[in-house]
Each structure stands twice: as structure tokens, then as C-alpha cells.
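Coordinate analysis (summary)
Here's the letter readout for the chains.
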Amino acid sequence: MDTRSPQMPAARAALDDVWNPEEDDALVCLDVQQETHDVKTFTFASREGKRFAFKAGQYFLFDLEHNGDAENRCYSISSSPHRTNAFSVTVKRVPGGKISNWLHDTLVPGATVKANGPLGHFVRPETSGRKLLLLSGGSGITPVMSILRELADICEPADVVFMHAGRTPQDLIFRDELACIARRLKGLRLHFLPETVAGEPSWPGLTGRISKDYIRLAVPDIAERTVMCCGPAPFMTAARTIAAELGVPGSNYLEESFDAAVIDEPEIPAVQEAAAKVFQVTFSKQARSIEVTGDQSVLSCAKKSGVRIPSSCANGVCGTCKSKLVSGTVDMNHNGGIRQREIDAGFFLPCCSKPLSDLVIER
């Protein structure tokens with residue numbers, strides 16, 4: 001990242017000049033907004049003034065440098081896709097979090113960063129008139145806020161229940177903006193659920209955690225809705241269970257998580273034959289060699305053997321484990337976490353790759 005001299009994007013770009021993740025990666029930070037005591041929104045534009053085409057609910061994978069080390073992080077877009085000159089991500093400062101703290105303390109308007117995107121499939125169904133329940137906990141509000149902002153921008157008739165949970169009233173991200181949208185977006189019902197009233201003893205609503213009884217009362221027609229949920233793992237586990245118990249079909253429950261499933265593809269004979277073999281996988285920089293069978297991912301075996309490879313999603317989405325393949329071949333089934341030009345340059349994702357031969361990896 002370069003913070004030495006602000007470099008604003010071009011003022012104008014051709015209408016068809018759209019950000020292309022296969023060609024572009026440089027972003028300029030335009031603005032930093034404090035949302036709550038530990039949450040900030042960062043707004044980015046293309047350095048060349050290109051427009052962004054993304055769907056509400058998608059995310060960008062940021063390639064950052066911290067203390068000389070390359071770091072990759074996925075951050076969901078919180079802005080509306082109809083505002084194409086820039087996009088925003090909203091980041092919570094995590095206690096002890098290396099990158100979230102660095103972003104909060106270091107990233108300023110004018111700084112440049114690199115990113116890849118948009119990525120992800122957590123997008124609302126295109127079926128017109130679909131009833132929605134948007135469930136968010138803490139900073140998980142980011143992708144569903146993008147969805148709500150899109151609905152507000154297009155002024156389309158909506159039947160949406162938006163339920164946001166937080167630790168205290170002061171931790172309810174976008175609280176004032178949500179209330180403003182609720183006043184002008186017909187068909188939106190808004191529910192805030194702080195766990196406690198710390199800092200605001202006059203809080204007028206209910207407190208606690210989501211429960212089956214609460215959801216049944218707040219959203220009596222939940223079984224007729226598409227539920228879109230994002231938040232901490234315990235929150236999503238509870239929401240998933242409650243939705244199922246209240247009659248929401250599994251096909252109507254969508255959850256944002258960077259642990260997305262790897263796309264299944266038909267096996268080819270070489271893959272079937274390799275599955276029964278054991279291969280030597282060498283990590284050149286660590287001077288380590290391990291054995292990996294053809295039906296195991298390189299990352300899973302490396303972790304079990306104590307080989308150090310940065311990773312996050314473990315399913316080919318985020319690109320955190322991206323590595324240089326010096327020699328050998330793999331069967332890789334990724335979910336958007338690597339670009340074709342990177343594959344052409346010899347890179348691969350160990351998390352979603354199985355060996356087809358002995359490998360040498362630059363790690």
C-alpha cells in the first residue's frame with residue numbers, strides 16, 4: 001500500500017469502461033467513515049476512473065501488505081450496486097486482528113490498495129416480488145445492507161423484514177440510516193435486537209438473542225420468505241436451525257460464509273487414477289516434503305504436517321493460500337479465488353487442489 005501521496009482516480013471514464021478483475025487491481029481510498037466505536041467504512045474507486053459492476057451481497061478480496069508480509073482478506077461490499085463510480089466495505093476492528101486493526105489505524109483517503117473482485121454468490125433471488133427476511137449479526141450486516149440499499153435505490157415494491165442484532169444499541173451498525181430507509185421504503189419492517197441495553201438504558205425495544213419464539217412473533221410468515229443471513233458462526237447456526245424449525249425450505253435459506261462449497265465437476269480418468277496414488281509434495285522454502293494421496297487436498301495435508309500456508313476459506317473462494325507451483329500438476333476446482341492470468345503464471349490454490357503427480361511448491 002502507498003500512503004505517501006494521494007492519487008485520485010480519473011475524473012471521468014467512458015460509459016463502457018468497467019473494472020475488469022482480469023486486468024485491474026489498483027484501488028484508491030476515497031473516504032473513511034466511522035460507523036461505530038469499532039467499525040469503519042472504507043470507500044474505494046478505480047485509479048483509472050472505471051465503473052464497478054457487482055451484485056449486492058458480493059465481496060472483494062484485498063491483497064494487502066503488512067510489515068513486509070502479503071496478506072489477503074475478504075470484505076463484503078456494503079454499498080449499492082447502482083452507485084457504480086465507487087464501492088464501500090465496512091470493517092469491524094477485531095481485538096488482536098492484524099489486518100482489521102491495521103486498516104483502522106493506517107488506511108486514509110488517497111492511499112492505494114490492490115483487490116480482486118467482485119466475487120461471491122450471496123445475492124438475492126431475481127424472482128420479482130420475492131418476500132425477504134434479511135438477518136444480520138454484528139458486522140455481518142455488510143452484505144445485507146448492500147441488498148437493502150439496492151432496493152432503496154431502485155424504488156421497487158418490497159416486502160422485506162430486516163432484523164439486525166448487536167451487543168448493545170451503540171453496536172448497531174447503520175442504525176440511523178436503517179431507520180431513515182424504513183421511513184421511505186414501503187414494505188420494509190425493521191427490527192433491532194441488542195443483547196443488552198448497556199449505554200442506552202432507555203432502549204424502547206426488546207433485548208436478547210434471536211430465538212424461535214422471537215422470530216415466530218416478529219416474522220409470522222417466515223416460511224413464505226427467502227431468508228438471507230450473515231453474522232458470526234454461532235448466530236448463523238442459531239438462525240439456520242430456527243428457520244428450518246419454522247418451515248423455511250432449505251432452498252430458501254441463503255447464508256454468507258467464505259466456507260463456500262467447492263463446485264463439483266465430473267472426474268476425468270487421470271483424476272480417478274491419481275486418487276489411489278501417493279505423491280511427494282515438497283515445499284521448497286521450508287525444506288519440507290510430505291505425502292499426499294490423490295484424493296486429498298494439498299492444504300489439508302500440509303496443515304496436518306505442520307507446513308505453514310496462510311489460509312482462510314479452505315474452499316477456493318478467498319485466494320489466501322495462493323501459491324506458486326514450481327513443478328507438477330494438480331486437479332484444482334476453485335470458486336473464484338484465483339484469476340486465469342495467475343493460473344497461467346503457475347499459481348494455484350492448495351485448498352482446492354489434489355495432486356496428479358509429485359509437486360514442488362514455492363512455499
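Residues numbered from 1 in each chain as written. Predicted model: local features only at pLDDT ≥ 70, side-chain atom pairs only at ≥ 80, totals over all residues. Heavy atoms only, no water.

**Quick word on the overall build of the chain**
Within the chain one finds 8 helices and 18 strands. Counting the 363 residues in the chain, one finds 49% classified as buried. For the chain, the proportion of contacts with a sequence separation of at least 24, taken over those separated by at least 6, is 68%. Accessible surface, the chain: about 17200 Å² in total, of which carbon and sulfur atoms supply 50%. (Helix = DSSP H or I, 4+ residues; strand = E, 2+ residues; numbered from the N terminus. Buried < 20%, exposed > 50% of the residue type's maximum accessible area, 1.4 Å probe, protein only. Contact = heavy atoms within 4.5 Å. Areas by Shrake-Rupley, 256 points an atom, 1.4 Å probe, with all protein chains shown as cover.)

**Concerning the confidence of the model for the chain**
Here the chain averages 86 in pLDDT, and 89% of its residues register 70 or above. Confidence, read as mean pLDDT per element, is least for helix α6 (residues 269-274) in the chain (53) and greatest for strand β2 (residues 39-46) (97). In this model, residues 1-8 is a region of pLDDT below 50 whose contacts with residues beyond four sequence positions or in other chains number 21 contacts. pLDDT under 50 marks residues 10-14. Its contacts with residues more than four places away, or in other chains, come to 7 contacts. (pLDDT = per-residue confidence, 0-100.)

**Details of the pairing of strand β18 (residues 359-362)**
The two faces of the sheet receive side chains in turn, since in a regular strand these alternate between them. Of the two faces of β18, the one lined by L359 and I361 is fully buried and the one lined by V360 and E362 carries no buried residue. Note that strand β12 (residues 278-283) and β18 share 3 bridges and pair parallel. When the bridges of β18 are listed, T282 appears paired with V360. (Pairing = 2+ DSSP bridges.)

**Comments concerning the pattern of salt bridges**
Counting across every chain of the model gives 18 salt bridges. Through salt bridges with shared partners, a single network forms among K131, D159, D221, E224 and R225. (Salt bridge = Lys/Arg side-chain N within 4 Å of Asp/Glu carboxyl O.)

**A closer look at the side chain of E256**
Mapped onto the fold, E256 is located in the loop between β11 (253-255) and α6. Buried within the structure, E256 lacks any salt-bridge partner; its nearest side chain of opposite charge belongs to R240, at an N-O separation of 11 Å. Excluding its chain neighbours within four sequence positions, the residues that come into contact with E256 are G57, Y59, S76, F122, P143, C229, C230 and M236. (Lys, Arg positive; Asp, Glu negative; His and termini not counted.)

**Some remarks on the sheet that holds strand β1 (residues 26-36)**
Spatial ordering of the open sheet is given by β4-β3-β6-β1-β2-β5, a layout of 6 strands whose pairing is antiparallel. Only two strands of the sheet have a single partner each, and these edge strands are β4 (69-76) and β5 (87-92). Averaged over all pairs of adjacent strands, the angle between strand axes in this sheet comes to 40°, irrespective of strand direction. Across 8 bridges, strand β3 (residues 59-66) lies against β4 in antiparallel orientation. If you follow E65 over to β4, its bridge partner there is A70. (Axes fitted to C-alpha atoms, helices over the stretch in contact; angles between N-to-C directions.)

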